[in-house]
Amino acid sequence: MLLTATALAAALLIAFGLYSYISGTRLQRENESKKALCTPADYAAAVADADGFKDTYVYFTGTVMGVQTEKSTYNVRVSPDGEDAHYYYVAYTSNQIPTEVEIGDKVTYWAKSGGHYTYETLTGDTVTAPLAYAFAVEILEEAPESENNTQ
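All values derive from a computational prediction rather than experimental measurement.

1. Re the pairing of strand β4 (residues 88-93)
Phase 1: β4 sits mainly inside the fold: five of its six residues count as buried.
Phase 2: Pairing geometry for strand β3 (residues 73-79) and β4, over six bridges, is antiparallel. Across the sheet, valine 78 pairs through a bridge with tyrosine 88, a residue of β4.
Phase 3: Looking at chain direction, β4 and strand β6 (residues 126-141) are connected through three bridges and run parallel. Pairing of alanine 91 across the sheet is with tyrosine 133, part of β6.

2. Concerning the nonpolar core
Phase 1: By size, the foremost hydrophobic cluster in this structure holds 22 residues, and its most contacted members are Phe60, Val76, Val90, Tyr92, Val101 and Tyr109.
Phase 2: Elements with a minimum of two residues in this core: α2 (43-48), β2 (54-70), β3, β4, β5 (106-120) and β6.
Phase 3: The element contributing the most residues to this core is β2, with four residues.
Phase 4: When near neighbours in sequence (up to four residues on either side) are disregarded, phenylalanine 60 contacts Ala41, Val78, Tyr88, Val90, Val107, Thr108, Tyr109 and Ala132.
Phase 5: Core analysis: the second largest hydrophobic core is formed by five residues, Tyr87, Tyr89, Ala129 and Leu131 among them.

3. Description of the packing of aromatic side chains
Phase 1: Counted by the stated rule, this structure contains 10 aromatic pairs.
Phase 2: Between tyrosine 43 and tyrosine 88 the ring centres are 5.3 Å apart and the planes differ by 80°, which places this aromatic pair in the edge-to-face class. Taken together, the positions of tyrosine 43 in helix α2 and tyrosine 88 in strand β4 put the pair 45 residues apart, joining distant regions of the chain.
Phase 3: Given the relative accessible area of 18%, tyrosine 43 is considered buried.
Phase 4: For the pair phenylalanine 60 and tyrosine 88, a centre-to-centre distance of 4.0 Å together with 20° between the ring planes defines the contact as stacked. Residue phenylalanine 60 is found in strand β2, and its partner tyrosine 88 is found in strand β4; the two are separated by 28 residues along the sequence. The pair formed by phenylalanine 60 and tyrosine 88 is uniform in burial state, with each residue classed as buried.
Phase 5: Taken together, the ring pairs connect Tyr43, Phe53, Phe60, Tyr74, Tyr88, Tyr92 and Tyr109 into an aromatic cluster.

4. Observations regarding the confidence of the model for the chain
Phase 1: Confidence in the prediction of the chain, expressed as mean pLDDT, is 85, and 79% of residues score 70 or more.
Phase 2: With pLDDT under 50 throughout, residues 18-23 is counted as low confidence; its partners more than four residues away or in other chains account for zero contacts.

5. Remarks on the side chain of asparagine 31
Phase 1: Take asparagine 31: it is sitting in helix α1 (residues 5-37).
Phase 2: Here phenylalanine 135 takes part through its backbone oxygen, which lies 3.2 Å from a polar atom of the side chain of asparagine 31.

6. Regarding the pairing of β2
Phase 1: Relative to β2, strand β1 (residues 39-40) is paired through two bridges, and the arrangement is parallel. Pairing of threonine 39 across the sheet is with valine 58, part of β2.
Phase 2: Chirality of the crossover, the property in question, places the unit of β1, α2 and β2 among those that are right-handed.
Phase 3: Strand direction decides the pairing type here: β2 and β5, joined by eight bridges, are antiparallel.

Calculation notes
- For every chain, the first residue of its written sequence is number 1, and the numbers climb from 1 along that sequence.
- For a predicted model such as this one, the threshold for reporting local features is a pLDDT of at least 70, and the threshold for listing and counting side-chain atom pairs is 80 or more; totals across whole chains, interfaces and linings nevertheless cover every residue.
- Computation of side-chain values covers all heavy atoms of the structure but excludes hydrogens and water.
- The cut-offs for exposure are 20% and 50% of the maximum accessible area for each residue type, with area from a 1.4 Å probe on protein chains only; residues under the lower value are buried, those over the upper are exposed, and the others partly exposed.
- A helix here means a DSSP run of H or I that spans at least four residues, while a strand means a run of E at least two residues long, and both kinds are numbered starting from the N terminus.
- Strands are treated as partners if at least two bridges between them are detected by DSSP.
- Each nonpolar core is a collection of buried residues, namely Ala, Val, Leu, Ile, Met, Phe, Trp, Tyr and Cys, held together in the definition by side-chain atoms within 4.5 Å.
- In this analysis, two residues are considered to be in contact whenever any of their non-hydrogen atoms come within 4.5 Å of each other.
- What counts as a ring pair is set by centres within 6.5 Å for rings of Phe, Tyr and Trp (its six-membered ring), and what kind of pair is set by the plane angle: stacked under 30 degrees, edge-to-face over 60, tilted for all other angles.
- A score from 0 to 100, pLDDT tells how confident the predictor is in each residue.
- Here a polar contact is taken to be a pair of N or O atoms separated by no more than 3.5 Å, where protein atoms must pair a possible hydrogen donor with a possible acceptor and residues adjacent in sequence count only if both atoms sit in side chains.
- By definition, the crossover connecting two strands over a helix is right-handed if that path, from the first strand to the second, turns clockwise as seen with the strands pointing away from the viewer.

Structure representation (structure tokens):
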């Protein structure tokens, strides 16, 4: 049987769509399984004990204090108490989480803890924060439109 170019293109689009749907469904199931393993993160304990905040599944709620993106990588600072100096450093890619967050959003992240992350700020200060590799996010409350949501 000889397929026309149009029929072949249509068949490929259907196959790709089906593959994307199956892959997305599988990823959702995997994330739901991981969420079931998550326990609430304790910010004070995470700051005090890097080894204790490593390789466990956690979830936490907070306010997005900063967002940095480079290509498909996101680095988000999430404060559990709204204080800019207290935050989790959350890392993920857009392949893992296609949802975009903005400064001021109230969110819940589900993640695998990664100990501590130390980096140098633009002003030359060294900062250490609890690190979390996120696999899911829920925006609970979006930032007001009037705020400047860029950094």
